[in-house]
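So you can see what is in the structure, the chains are spelled out below.
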Amino acid sequence: MTLFCWFATSIFNRTHIPIPELFSLRIRRIISERNYSLQRRGTVSMTYRFPTQSNLYRGESEPVKRPKEFACFSYDEQHQYHIGDRSMKWYYTPALGADLSQGYEDFIKHDDSIDEHLDSLLTTIVHYEKETGKPIDANIVTWRGMMTKIMAVPFDNRDGFEMNATLYRGAIFIEENNEYKKASKEAQQNWRSAIPQDVMQYWGYKFETLSTIPRPWGETSRDYIENRVSHVTNNKEQYCSVVRTGIGKSIICIGGEVDAIWDSKPNPTYVELKTSANINSGRDEENLHRKLMKWWIQSFLLGVPKIIVGFRSSDGILTKVEEIKTMTIPHMVRSMGKAHWDGDVCINFAGAFLEWLRQTITTEGVWRIRSAPKSNFIEVFQVEQVGHGSIITDEFMNWRIQLSLADTTTTSGSSNVDAEKRPGVLEGG
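Rules and cut-offs
- Residues numbered from 1 in each chain as written.
- Predicted model: local features only at pLDDT ≥ 70, side-chain atom pairs only at ≥ 80, totals over all residues.
- Heavy atoms only, no water.
- Helix = DSSP H or I, 4+ residues; strand = E, 2+ residues; numbered from the N terminus.
- Buried < 20%, exposed > 50% of the residue type's maximum accessible area, 1.4 Å probe, protein only.
- Contact = heavy atoms within 4.5 Å.
- Areas by Shrake-Rupley, 256 points an atom, 1.4 Å probe, with all protein chains shown as cover.
- Expected span 1.5 Å × (residues − 1).
- Axes fitted to C-alpha atoms, helices over the stretch in contact; angles between N-to-C directions.
- Parallel < 35°, antiparallel > 145°, perpendicular 65-115°, else oblique.
- Left-handed = near helix turned anticlockwise from the far one by under 90°.
- Nonpolar A, V, L, I, M, F, W, Y, C, P; charged D, E, K, R; others polar.
- Phe/Tyr/Trp six-rings, centres within 6.5 Å; stacked < 30°, edge-to-face > 60°.
- Lys NZ or Arg CZ within 6 Å of the ring centre and 35° of its normal.
- Core = buried A, V, L, I, M, F, W, Y, C linked by side-chain atoms within 4.5 Å.
- Pairing = 2+ DSSP bridges.
- Salt bridge = Lys/Arg side-chain N within 4 Å of Asp/Glu carboxyl O.
- Disulfide = S-S within 2.5 Å.

K.L.:
What is the right way to look at the overall build of the protein chain in this model?
P.N.:
Looking only at helices and strands, the protein chain has 10 helices and 16 strands in total. Every one of the 429 residues in the protein chain was classed for burial, and the buried ones make up 46%. Residue pairs at least 24 apart in sequence account for 73% of intrachain contacts in the protein chain once pairs closer than 6 positions are excluded. Accessible surface for the protein chain amounts to roughly 21,600 Å². Of this, 50% is attributable to carbon and sulfur atoms.

Structure, rendered in structure tokens:
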């Protein structure tokens, strides 16, 4: 049964301030209050600012290294971590006419208010380094979501963002500031629409349930495939890819969720699954263009070549499914006219910003990376002068110390062996 929760239109008449503007004002107030608190405690250092205006970064794109997966991990049905691909799904075309609201009452929803930091990504890196015996080569370590926000900000600064960062052994580790994320989500809950935000978000997860199977087609029963619409949707279960890529002069290690696989490993073709409203007006088309920017950035960063879009009616009925090649999106948007974003600018901005960030965060401690709503700058300032906060796990730091000591011992042993082989050279002399 399709769920409807219709709100009286009179709600919108209580204020003349548009809802997005109300959201920005609320976030600005939260930022102002927190900054005053930090200033009173004397924990805010000098603020560094980096401009985000899109016209500053036009031109041919910076060099980009093709993303290469070097590890993966999974969360199971209870959101418990596992190394490997146990939660990977295969794409299989969904049935049109499906009701994306079906099963909303039984939705098993992950509590994303819990601050998970970089824990799973760092655990996966440790596992990989134990197998290779050497640290990964990266200047930046973060989640894909953080890089998506950074790359999009020249064209999307309405809501703003905040991140925490720390420098450890030559690399900058970046996570989302959970306090800001929760405040943003709370502000969004005050938005009013014909259908609640939670239900519309569920539509995206339901589309994933309708479009995936747990094993390749030949190993999945016909009954399972034909009854996916009745399966319980659970977004606690996730499959994540960890890649090494590069933009400009910065090497980046990124972890991010992958919705499905098109074929099979060891050389898989990943796909992203997205939903969007049917295109019935110029406004609908404009909204799709804006969505396409984030979809393109997300897929570009992990090297996902295909995006499957499920178009739906205003009440959540799946009407059409289209396949889009990631690499064609920037050109496709330009060819439609009235382009609101430029892929080359996103890449150039990210390359310039990351290089500047590496020159700015040169000491340990916890740093804040902030883009206030509708601001034309990203601000960076130190909020804790020592330590790494909760950004880096003890497991990761202990492992890196152990790895460094092992490397020192190996190097010292090699030097002693060389000294013994060279006549006239005494150990230690």
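K.L.:
Which parts of the structure should I look at to understand helix H2 (residues 119-132)?
P.N.:
The periodicity of an α-helix, 3.6 residues per turn, causes residues three or four places apart in sequence to face the same way. Taking 1.5 Å per residue, 14 residues should reach 20 Å; H2 reaches 20 Å between its end C-alpha atoms and fits that length. Among the residues making up H2, those that are buried are Ser 120, Leu 121, Leu 122, Thr 124, Ile 125, Val 126 and Glu 129. Backbone geometry just downstream of H2 places Gly 133 in the positive-phi region, at approximately 80 degrees.

K.L.:
Sorry if this is basic, but what is going on with the packing of helix H3 (residues 144-152) against helix H9 (residues 343-360) here?
P.N.:
For any two helices packed against each other, one specifies the crossing angle of their axes together with the interaxial distance. Relative orientation of the contacting elements H3 and H9 amounts to 110 degrees, with a least axis distance of 8 Å. It follows from the interaxial angle that H3 and H9 lie roughly perpendicular. Considering the relative orientation of H3 and H9, their crossing is right-handed. In this structure, H3 uses Met 147, Ile 150 and Met 151 to contact H9, whose residues at the interface are Cys 346, Ile 347, Phe 349, Ala 350, Phe 353 and Leu 354. Broken down by class, the residue content of the contact of H3 with H9 amounts to nine nonpolar, no polar and no charged.

K.L.:
So what exactly am I meant to see when it comes to the packing of aromatic side chains here?
P.N.:
Given two aromatic rings, their pairing is described by the distance between the two centres and the angle made by the two planes. Tallying each qualifying case throughout the model produces 21 aromatic pairs. Note on Phe 173 and Phe 396: the rings are 5.5 Å apart at their centroids and 70 degrees apart in plane angle, and the pair reads as edge-to-face. Linking Phe 173 in strand S7 (residues 171-176) with Phe 396 in helix H10 (residues 394-421), this pair joins segments that are 223 residues apart in sequence. The same class applies to Phe 173 and to Phe 396, which are both buried. Three or more aromatic residues joined by ring pairs form one cluster here, namely Phe 50, Tyr 57, Phe 349, Phe 353 and Trp 356. The residue whose ring lies beneath Arg 49 is Phe 377, and the NZ or CZ to ring-centre distance is 4.1 Å. One residue, Lys 306, lies across the ring of Trp 262, its end atom 3.5 Å from the ring centre.

K.L.:
Just to check I follow, could you spell out the nonpolar core for this structure?
P.N.:
In summary, soluble globular proteins display a tendency toward joint burial of nonpolar side chains. In terms of nonpolar packing, the biggest core is built from 88 residues, with Met 147, Met 151, Phe 173, Phe 353 and Ile 369 touching the most fellow members. With residues near it in sequence (within four places) discarded, Met 151 still touches Ile 247, Ile 297, Phe 300, Leu 301, Cys 346, Ile 347 and Ala 350. Counting 15 residues, the second largest nonpolar core, distinct from the first, contains Ala 98, Phe 207, Ala 260 and Leu 273.

K.L.:
Explanation requested: the sheet that holds strand S15 (residues 366-371) in the structure shown.
P.N.:
In a beta sheet, neighbouring strands pair by backbone hydrogen bonds and run either parallel or antiparallel. Taking strand neighbours across the sheet as the criterion, the 10 strands line up as S1-S16-S15-S6-S7-S5-S10-S9-S2-S3 in an open arrangement whose pairing is mixed. Edge positions in the sheet fall to strand S1 (48-51) and strand S3 (81-83), since each has one partner strand and no second. Along the sheet, successive strands turn relative to each other by an average axial angle of 25 degrees, direction set aside. Pairing geometry for strand S6 (residues 161-168) and S7, over six bridges, is antiparallel.

K.L.:
Any chance you could explain unusual backbone geometry here in plain terms?
P.N.:
Of all residues except glycine, most have a negative phi; of all peptide bonds, most are trans. Unusually for a residue other than glycine, His 117 sits at a positive phi of about 50 degrees. Within the secondary structure, His 117 is located in the loop between strand S4 (90-91) and H2. You will see that Arg 169, though not glycine, has its phi angle at about 50 degrees, which is positive. Within the fold, Arg 169 resides in the loop between S6 and S7.

K.L.:
Hey, could you run me through the environment of Pro 216 in this one?
P.N.:
With respect to the helices and strands, the residue Pro 216 is situated in the loop between strand S8 (212-213) and helix H6 (222-226). On the accessibility criterion, Pro 216 (18% relative accessible area) is buried. Linking Pro 216 and Ile 261, residues 45 residues apart in sequence, is a C-alpha distance of 9.3 Å.

K.L.:
Help me understand the side chain of Thr 124 in this model?
P.N.:
One can find Thr 124 in helix H2. On the basis of relative accessible area, Thr 124 is assigned to the buried category, the value being 1%.

K.L.:
Looking at this model, I keep getting lost on the pattern of salt bridges. Mind explaining?
P.N.:
Any two side chains of opposite charge can pair, on the condition that their charged atoms come close. Evaluation of the coordinates by the stated rule reveals 18 salt bridges. The salt bridge partner of Glu 323 is Lys 306, with a shortest N-O separation of 3.6 Å. You can see Glu 323 sitting in strand S14 (residues 318-325) and its partner Lys 306 sitting in strand S13 (residues 306-312), a full 17 residues away along the chain. Residue class for Lys 306 comes out buried when judged on its relative accessible area of 16%. Sharing partners across several salt bridges, the network here consists of Arg 49, Arg 370 and Glu 379.

K.L.:
Is there a simple way to think about the state of the cysteines in this case?
P.N.:
By definition, a disulfide is the covalent link that joins the sulfur atoms of two cysteine residues. A complete count under the given rule lists zero disulfides for this structure. Free cysteine: Cys 240, not disulfide-bonded; nearest cysteine sulfur from Cys 72 at 9.3 Å.

K.L.:
Would you explain the packing of helix H7 (residues 282-302) against H9 in this entry?
P.N.:
Packing of H7 against H9 brings their axes to within 11 Å, and their N-to-C directions diverge by 55 degrees. Classified by the interaxial angle, the pair formed by H7 and H9 is oblique. Handedness of the H7/H9 crossing: right-handed. Taken together, the residues of H9 that come into contact with H7 (itself represented by Met 293, Trp 296, Ile 297 and Phe 300) are Gly 343, Cys 346 and Ile 347. When its residues are assigned to classes, the contact of H7 with H9 shows six nonpolar, one polar and no charged.

K.L.:
Help me understand the environment of Ile 150 in this model?
P.N.:
Position of Ile 150 relative to the elements: it lies in helix H3. Excluding residues within four positions of it along the chain, Ile 150 makes contact with Phe 161, Met 163, Phe 349 and Phe 353.

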